[in-house]
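Take a look at the letters that make up each chain.
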Protein chains: 2
Amino acid sequence: MLRTTTCGALTLQNLGENVTLCGWMQNSRDLGGMTFIDIRDRYGITQLVFNMNDNADLCQAARNLGREFVIKVSGVVVERSNKNKEIPTGDIEIKVEALEILNKAKLPPFLIEDKTDGGDDLRMKYRYLDLRRNPIRNNMILRHKMAQATRRYLDGLDFIEVETPVLIKSTPEGARDFVVPSRMNAGEFYALPQSPQTFKQLLMVSGFDRYFQIVKCFRDEDLRADRQPEFTQIDCEMSFIEQEDILHTFEGLIRTLFKEVRNYDLPTVPRMQYADAMRWYGSDKPDTRFEMKFVEMNEVVKGKDFAVFDNAELVIAINAKGCAHYTRKQLDELTDFIKRPQIGATGLIYMRHNEDGSLKSSVDKFYNEEELQKWSAACQTEPGDLVLVMAGVKDKVRKQLSELRLEMGTRLGLRNKDTFAALWVLDFPLLEWDEETERYHAMHHPFTSPKPEDIAMLDTAPGEVRANAYDMVVNGTEIGGGSIRIYDRDLQALMFKHLGFSPEEAQKQFGFLMDAFEFGAPPHGGIAFGFDRLCSIFAGLDSIRDVIAFPKNNSGRDIMIDSPSTIDEKQLKELKIKSDL
Amino acid sequence: MLRTTTCGALTLQNLGENVTLCGWMQNSRDLGGMTFIDIRDRYGITQLVFNMNDNADLCQAARNLGREFVIKVSGVVVERSNKNKEIPTGDIEIKVEALEILNKAKLPPFLIEDKTDGGDDLRMKYRYLDLRRNPIRNNMILRHKMAQATRRYLDGLDFIEVETPVLIKSTPEGARDFVVPSRMNAGEFYALPQSPQTFKQLLMVSGFDRYFQIVKCFRDEDLRADRQPEFTQIDCEMSFIEQEDILHTFEGLIRTLFKEVRNYDLPTVPRMQYADAMRWYGSDKPDTRFEMKFVEMNEVVKGKDFAVFDNAELVIAINAKGCAHYTRKQLDELTDFIKRPQIGATGLIYMRHNEDGSLKSSVDKFYNEEELQKWSAACQTEPGDLVLVMAGVKDKVRKQLSELRLEMGTRLGLRNKDTFAALWVLDFPLLEWDEETERYHAMHHPFTSPKPEDIAMLDTAPGEVRANAYDMVVNGTEIGGGSIRIYDRDLQALMFKHLGFSPEEAQKQFGFLMDAFEFGAPPHGGIAFGFDRLCSIFAGLDSIRDVIAFPKNNSGRDIMIDSPSTIDEKQLKELKIKSDL
């Protein structure tokens, strides 16, 4: 080793020791005849001291160091007169006796500080410098700890980590595949996996019983904010289980991660039916850090000649506790918020429950005090509360009010990033209607088992069939989801039929799996967690980008290495493909 | 859980317990009024017993079960009269009270037994059935243990596992890349990484200090036996270290793996110069389970009018201990062995040191007893030994004798798969001449640091320059290799120049790395182990295929899922590429 210890290790315990440190020049301060330098490595920062009186040449050399120079220093650990209680090494400094420049550094294009002056593009281009900053490096260390703790937990429960292939087969169902032209089989392509779904099911057929993998997956989708073309899953599958076993096992995983990585005691995870989540929160991933449940108001408000309500399929309200004092301006802001094109609502009705007990609504023309008392009762308001009401087509208005509920939660400070509320959402619909293709799509994926009691409805009311599918939600973000799988060839074939596959298509694309079901497939099910998302929630970040060492931008580019890029004609020739621009 | 315990858990401790097991019907024996069934899962095998007298219907149902049916049984644990000492559950059996068929099974196309009757192609097509067999499943469990133990060891030394991107940039240096057409950046391509080399070096520039990753890598090469287009590496890098630190750290890893996974005490790993390995074993990956070192015979044999030796650049011999009794036929076999086109030698000379002390060679015409005494002395023969001599151009004859040495080691039973001999090979040449392209190529890769004392020779004798590069060899197989890296922009540019890059090409392909070196790059180095190979050695296998859950065949095909395959015209259109067949 070039060093005897790191920049984060020395304390008063080490006084008088001769040490050698390596690291980066963080900053430098000249005070009279002294020069103080902070040397930084992954482990911390240590103060170095140079004295003109002791060794003018050495001190001068130190003064010539630039920011981010890589240096090696040897000296004695001495007590600091001016202690820094903020850092573990703040009681000591190194009286330097030898200084070596291991590598010079040009001035970085942005400050290597917790709060940097670098914009997003600059930070992405020089990602290797951005990764030097504490917040980003700490995210990577957090991610490492999450991965190790996940493996320890699952290994302890006899799960086996099995690597599934990355070069697999393209299947049109689901999102768009990235494909890889095969040189040895010209005209043919591999695809990169969107998930190891079929392989983990085959491992169950193989009797592996408990499988997991922390694995890269790929989706060639237009990148909405905070999506990456490559992402990482904690992928798991179990045999001879029922849904309850999956919920129990993976609730255990998440609670263990919270305890081990954040020292946070996550309570037992509550469960909610999908239908209830939609009714109470207008979302299949409700943020349950706060209540503010929807109140269905049809019975209360209809029939009073207010056309907006009378004509609406659904009228719903939330009670914004303590917001009766909202000004006209604030209420207008909320109206503007829900009228934004992303939300697309047309209007917002409110009722104030004033501190003096009086009730005052924006539709007093139609609802007198007595009627408003009914509103108050339905919404369980107290003096000081504000009721916000929206009306419209059921599915739409629920989504709209969900957005408003989240906005109110934010405004009321109810969405603290250091508080965590987890939730199981259960009994998702099996299928959802797709307007564009005019057919049902699998809501989860085609391998999800319908609830046995609902199978009969596949022909009569496919949209009503519930699946043995479940999501885990934390703070309003879906962090994982899974299902009990089909393990019977005939039922799987029936599913493909309902998804619009011809028997030939089904056999061509998924024949290997259906064939496997005929050779003794056990009952099985599983779950996959979005590892990037999980890490970002643990790190208190809104974006997954800063829990990924080398992320791509919204055009799928890595601007640091300038990829994707053109390739040699020779490569195209060997692959027997050509551009069709 | 559908079961209360597994098929590998029950012993006499559990007598009288009511249990429920799930698993596969391994086999069935009817004995008089009794039926015995072995039920199998990942954890073991348990005997089930059914009795016609107790419950004829149940017994009949058991008799109707086919091989590999998936069943669930409940019953009482009873002591076996006829105990099986071979298996942990051999003292007990289950007196079955309820039997449920969870899934039927067609007769598998080959036997699910330790020794199967399935050929390679059939086993690959039904890989999910092959994975049911103990030997294959045990390989996967071994691999899991290797991965977990690797992570524990490195995590314990403050290494951080960082995921590097899979969609990166194509670079023509090295092997052929798999490429991925970009839809969002039409006409451009990502490449799949042959290794995360540049990214791990950037992580060092970022100050990560100690990085590792168990990571998939990709190479589009014509598949020689036992190569896979996707393979797995244990990839590592450290900063502020010297070669000695790398050797120490990763020798520790390998010894820990041997201890934890195989309970094998691997001794301290000896070290050998590359030049010595070539001289003594004719190979940079010598199998050191046995000695049989080359003896250089030029001084001993030249000048006796035997043209074969006189005209040869190098005459070398090995002493095959105890093989003096080899018959003419056996010696002819050895001659045929070295004349095979893969080896391409022209002839083999031998000398017997007979049990009676006499010396007898195949070239007695040129070498009398007195001369042969010199051979004997040089090769340190004893009565009973056989000296095998080859002559030719230095590099070629060394390779040829290396093959013969390995063959003799095999014939003499010196290459036991349960014995392990590890070796560090050090100081590899930096460059090797490539006949085809008529230029020097990096023997390791372009980022390897030359030995500082050899840099001056880069211009005068590039082939003589040694690198700070090292390989670890176990039982004659390279399991890992690495180097101390260049961390200075100018030296890196010089290397690219010597590898035939124009400054523009170097900047276009590796500019991001050379730029990074200007912002404070620390001294660093690393190593990568071939994880598939390492697992195969631990498993005592010659091939890596059976330590990979879903391998591809020699044409790069996964014949189970039938991949690669053609893709939709729509996909090609979206990617703006077309076939050029």
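What you are looking at is a predicted structure, and each value in this text was computed from that prediction instead of being measured.

Rules used throughout
Going along each chain's sequence as written, the residues are numbered from 1 onward. In the order they appear in the text, chains get letters beginning with A and ligands get numbers beginning with 1. Reporting in this predicted model follows two pLDDT cut-offs: at least 70 for local features of residues, and 80 or more for side-chain atom pairs to be given and counted; totals over whole chains, interfaces and linings ignore these cut-offs and use all residues. By convention in this description, side-chain values take in all heavy atoms of the structure and omit both hydrogens and water. Strands are runs of DSSP state E lasting at least two residues, helices are runs of H or I lasting at least four, and both sets are numbered from the N terminus onward. Burial classes follow relative accessibility: with a 1.4 Å probe on protein chains only, a residue under 20% of its type's maximum area counts as buried, one over 50% as exposed, and anything between as partly exposed. Contact criterion: two residues are considered in contact whenever any of their non-hydrogen atoms come within 4.5 Å of each other. Areas reported as accessible are Shrake-Rupley estimates using a 1.4 Å probe. Residue values count occlusion only from the protein chains shown. Lys and Arg are tallied as positive, Asp and Glu as negative. Neither His nor the chain termini are counted. A charge is said to be at NZ when it belongs to Lys, at CZ for Arg, at CG for Asp and at CD for Glu. Superposition of the copies was done by least squares, using only C-alpha atoms of residues whose pLDDT is at least 70 in both. The criterion for strand pairing is that DSSP finds at least two bridges linking the strands in question. Buriedness for pockets is judged along seven lines, at least five of which must meet protein on both sides within 12 Å for an open set on the 1 Å grid over protein atoms alone, while cavities are sets there where a 1.4 Å probe fits but cannot get out, and lining residues have an atom within 4 Å of a point. Grid points are joined across faces, edges and corners, and a volume is the space filled by probe spheres set on the points. Three classes are used: nonpolar for Ala, Val, Leu, Ile, Met, Phe, Trp, Tyr, Cys and Pro, charged for Asp, Glu, Lys and Arg, and polar for all others, with Gly counted as polar. By disulfide we mean two sulfur atoms from cysteines, separated by a distance within 2.5 Å. UniProt positions are given in the numbering used here, feature names are shortened, and annotations may be inferred rather than shown by experiment. Pairing of aromatic side chains here covers Phe, Tyr and the six-membered ring of Trp, requires ring centres within 6.5 Å, and sorts the geometry by plane angle: under 30 degrees stacked, over 60 edge-to-face, intermediate tilted. Each ring is checked for a lysine NZ or an arginine CZ that lies within 6 Å of its centre and within 35 degrees of its normal; such an atom marks a charge sitting over the ring. Counted as salt bridges are all cases of a side-chain nitrogen of Lys or Arg within 4 Å of a carboxyl oxygen of Asp or Glu. Throughout this description, a polar contact denotes any pair of N or O atoms lying within 3.5 Å of each other; where both atoms belong to protein, one of them has to be capable of donating a hydrogen while the other can accept it, and for residues adjacent in sequence the pair is counted only when both atoms sit in side chains. Each axis is a line fitted through C-alpha atoms, and for a helix only the stretch in contact is used; angles between axes span 0 to 180 degrees, taken between their N-to-C directions.

## Quick notes on the overall build of chain A
Stage number 1. Scanning chain A from terminus to terminus reveals 17 helices and 23 strands.
Stage number 2. Summarising its shape, the C-alpha atoms of chain A cover approximately 90 × 75 × 50 Å along the three principal directions.
Stage number 3. Residue burial in chain A is summarised as follows: out of 581 residues, 58% are buried.
Stage number 4. The long-range fraction of contacts in chain A, counting pairs at least 24 apart against all pairs at least 6 apart in sequence, stands at 66%.
Stage number 5. Only carbon and sulfur atoms are counted for the fraction: they give 47% of the accessible area of chain A, which is about 23700 Å².
Stage number 6. When the 75 basic and 91 acidic side-chain charges of chain A are each reduced to a single mean position, those positions are 5 Å apart.

## What to know about the relation of the copies chain A and chain B
Stage number 1. You can overlay chain A on chain B at an RMSD of 0.1 Å; the transform is a turn of 180 degrees with a shift of 0.0 Å along its axis. Seen this way, the second copy is the image of the first under a two-fold rotation axis.
Stage number 2. Interface overlap between copies: 100% of the residues of chain A at the interface are likewise at the interface in chain B, consistent with a symmetric, same-surface contact.

## Digging into the pairing of strand E2 (residues 34-41) of chain B
All names here are of chain B.
Stage number 1. When you tally the buried positions in E2, you get seven out of eight residues, the bulk of the element.
Stage number 2. Looking at chain direction, strand E1 (residues 18-31) and E2 are connected through seven bridges and run antiparallel. Its bridge partner being in E2, Asn27 is matched across the sheet by Asp38.
Stage number 3. Once E1 ends, the chain turns through two residues before running back antiparallel as E2, passing Gly32 with a positive phi of about 60 degrees.
Stage number 4. Where E2 and strand E3 (residues 44-51) come together, eight bridges link them in antiparallel fashion.

## Describing empty space enclosed by the protein
It is the rolling of a water-molecule-sized probe over the atoms that shows where space remains empty.
Stage number 1. The tally for this structure, following the rule as stated, stands at nine cavities of 30 Å³ or more.
Stage number 2. By volume, the largest cavity amounts to about 480 Å³.
Stage number 3. Along the wall of the largest cavity there are 29 residues; nearest its centre are Ile214(A), Val215(A), Lys216(A), Ile214(B) and Val215(B).
Stage number 4. Those elements that provide at least two residues to the lining of the largest cavity are helix H4 (134-156) and strand E9 (210-218) of chain A together with helix H4 (134-156) and strand E9 (210-218) of chain B.
Stage number 5. Looking at the lining of the largest cavity, the element that brings in the most residues is E9(A), giving five residues.
Stage number 6. By volume, the second largest cavity amounts to about 150 Å³.
Stage number 7. Forming the boundary of the second largest cavity are 19 residues, of which Glu163(A), Arg143(B), Lys216(B), Ile548(B) and Ala549(B) lie nearest the centre.
Stage number 8. Listing elements by their share of the lining of the second largest cavity, those giving two or more residues are H4 and strand E10 (230-239) of chain B.
Stage number 9. Looking at side-chain class alone, the lining of the second largest cavity contains nine nonpolar, three polar and seven charged residues.

## Concerning unusual backbone geometry
Stage number 1. Going from Ser563(A) to Pro564(A), the amide bond is cis rather than trans, its omega being 0 degrees.
Stage number 2. Relative to the helices and strands, Pro564(A) is located in the loop between helix H16 (531-538) and helix H17 (569-575).
Stage number 3. The phi angle at Glu68(A) is positive, at roughly 70 degrees, despite the residue not being glycine.
Stage number 4. Positive phi is not limited to glycine here, since Asn263(B) has a value of about 50 degrees.
Stage number 5. Tracing the backbone shows Asn263(B) in the loop between helix H6 (243-262) and strand E11 (271-273).

## A closer look at the sheet that holds E10(B)
All names here are of chain B.
Stage number 1. If you walk across this open sheet you meet the eight strands as E6-E9-E10-E22-E21-E20-E17-E11, and the pairing is mixed. The sheet is open, and its two borders are formed by strand E6 (160-161) and E11, each paired with just one other strand.
Stage number 2. Here strand E20 (residues 469-474) pairs with strand E21 (residues 477-484) via six bridges, running antiparallel. For Asp471, the partnering residue across the bridge sits in E21 and is Gly481.

## Some details on the state of the cysteines
Residues and elements named next belong to chain A.
Stage number 1. One pass over the full model with this rule turns up zero disulfides over all chains.
Stage number 2. We note that Cys22 lacks a disulfide partner, and the nearest cysteine sulfur, in Cys7, lies 7.9 Å from it.
Stage number 3. Look at Cys22 and you get buried, because its relative accessible area is 0%.

## What to know about the UniProt feature "binding site: L-aspartate" (unreviewed entry) in chain A
All names here are of chain A.
Stage number 1. UniProt annotation of "binding site: L-aspartate" (unreviewed entry) refers to Glu173, Arg219, His444 and Arg485 when read in the numbering used here.
Stage number 2. Judged by its relative accessible area of 30%, Arg219 is partly exposed.
Stage number 3. Excluding anything up to four places from it in sequence, Arg219 contacts Ala175, Arg176, Phe178, Gln194, Pro229 and Phe231.
Stage number 4. Mapped onto the elements, His444 comes out in the loop between strand E19 (439-442) and helix H13 (457-460).

## A short note on the packing of aromatic side chains
Geometrically, a pair of aromatic rings is defined through the distance of the ring centres and the angle of the planes.
Stage number 1. In the structure shown here, the tally under the stated rule is 54 aromatic pairs over all chains.
Stage number 2. Measuring from ring centre to ring centre gives 5.3 Å for Phe447(B) and Phe510(B), while their planes differ by 80 degrees; the resulting arrangement is edge-to-face. Placement of Phe447(B) in the loop between strand E19 (439-442) and helix H13 (457-460) and of Phe510(B) in helix H15 (residues 503-517) is noted, with a sequence separation of 63 residues between them.
Stage number 3. Among the residues examined, Phe510(B) registers a relative accessible area of 5% and is labelled buried.
Stage number 4. Geometry around Tyr126(A) places Lys125(A) over its ring, the cationic atom sitting 5.6 Å from the centre.

## Side note on the UniProt feature "binding site: ATP" (unreviewed entry) in chain A
Residue and element names in this part refer to chain A.
Stage number 1. The feature "binding site: ATP" (unreviewed entry), as annotated in UniProt, sits at Arg219, Asp220, Glu221, Gln228, Glu478, Gly530, Phe531, Asp532 and Arg533 in this numbering. Checking the annotated residues one by one, the ones that line the largest cavity turn out to be Phe531.
Stage number 2. Along the polypeptide, Arg219 turns up in the loop between E9 and strand E10 (230-239).
Stage number 3. For Gln228, the location among the structural elements is in the loop between E9 and E10.
Stage number 4. Excluding anything up to four places from it in sequence, Gln228 contacts Leu223, Ile544, Arg545, Ile548, Pro551 and Lys552.

## With respect to the interface of chain A and chain B
Stage number 1. Each side of the interface is counted separately: chain A has 128 residues, and chain B has 128 residues.
Stage number 2. Across the contact surface, chain A and chain B share 18 salt bridges.
Stage number 3. For the salt bridge of Asp580(A) with Lys578(B), the shortest nitrogen-to-oxygen distance reads 3.9 Å.
Stage number 4. One can count 77 residue pairs in polar contact (both at pLDDT 80 or more) joining chain A with chain B.
Stage number 5. Sorting elements by how many residues they give to the side of chain A that touches chain B places H4(A) first, with nine residues.
Stage number 6. For the side of chain A that touches chain B, the class distribution of residues is 66 nonpolar, 22 polar and 40 charged.
Stage number 7. Pairing geometry for strand E23 (residues 577-579) of chain A and strand E23 (residues 577-579) of chain B, over three bridges, is antiparallel. Counterpart to Ile577(A) in the pairing with E23(B) is Ser579(B).

## Comments concerning the sheet that holds strand E14 (residues 349-353) of chain B
Residues and elements named next belong to chain B.
Stage number 1. Strand order in the open sheet made by the five strands is E12-E13-E16-E14-E15, with antiparallel pairing throughout. Pairing within the sheet leaves two strands with one partner each, and these edge strands are strand E12 (295-296) and strand E15 (359-361).
Stage number 2. Note: strand E13 (residues 314-320) against strand E16 (residues 386-392), seven bridges, orientation antiparallel. Considered in E16, the bridge of Leu314 is made with Gly392.
Stage number 3. Against the sheet, helix H11 (residues 369-379) touches E12, E13, E14, E15 and E16, its axis set at about 95 degrees to E15.

## Re helix H7 (residues 274-281) of chain A
All names here are of chain A.
Stage number 1. Residues of H7 that are buried: Tyr274, Asp276, Ala277, Met278 and Tyr281.
Stage number 2. Buried residues along H7 sit against strand E11 (271-273), helix H12 (394-411) and strand E17 (422-426).
Stage number 3. Looking at the residues trailing H7, positive phi occurs at Gly282, about 65 degrees.

## Observations regarding the pairing of strand E13 (residues 314-320) of chain A
Stage number 1. By the criterion of burial, E13(A) is predominantly enclosed, with seven of the seven residues buried.
Stage number 2. Of the two faces of E13(A), the one holding Leu314(A), Ile316(A), Ile318(A) and Ala320(A) and the one holding Val315(A), Ala317(A) and Asn319(A) are both buried throughout.

## Points about the pattern of salt bridges
Stage number 1. Here the structure, examined in full by the defined rule, presents 109 salt bridges over all chains.
Stage number 2. A salt bridge links Glu188(A) to Arg557(B); its shortest N-O distance comes to 2.7 Å. Of the two residues, Glu188(A) sits in the loop between strand E7 (179-181) and strand E8 (189-191) while Arg557(B) sits in the loop between helix H16 (531-538) and helix H17 (569-575), which places them in two different chains.
Stage number 3. Overall, the relative accessible area of 22% leaves Glu188(A) in the partly exposed class.
Stage number 4. Where Arg411(B) meets Glu333(B), a salt bridge forms, and the shortest distance between an N and an O atom there is 3.2 Å. Of the two residues, Arg411(B) sits in helix H12 (residues 394-411) while Glu333(B) sits in helix H10 (residues 328-339), which places them 78 residues apart along the sequence.
Stage number 5. Residue classification places Arg411(B) among the partly exposed positions, given a relative accessible area of 33%.

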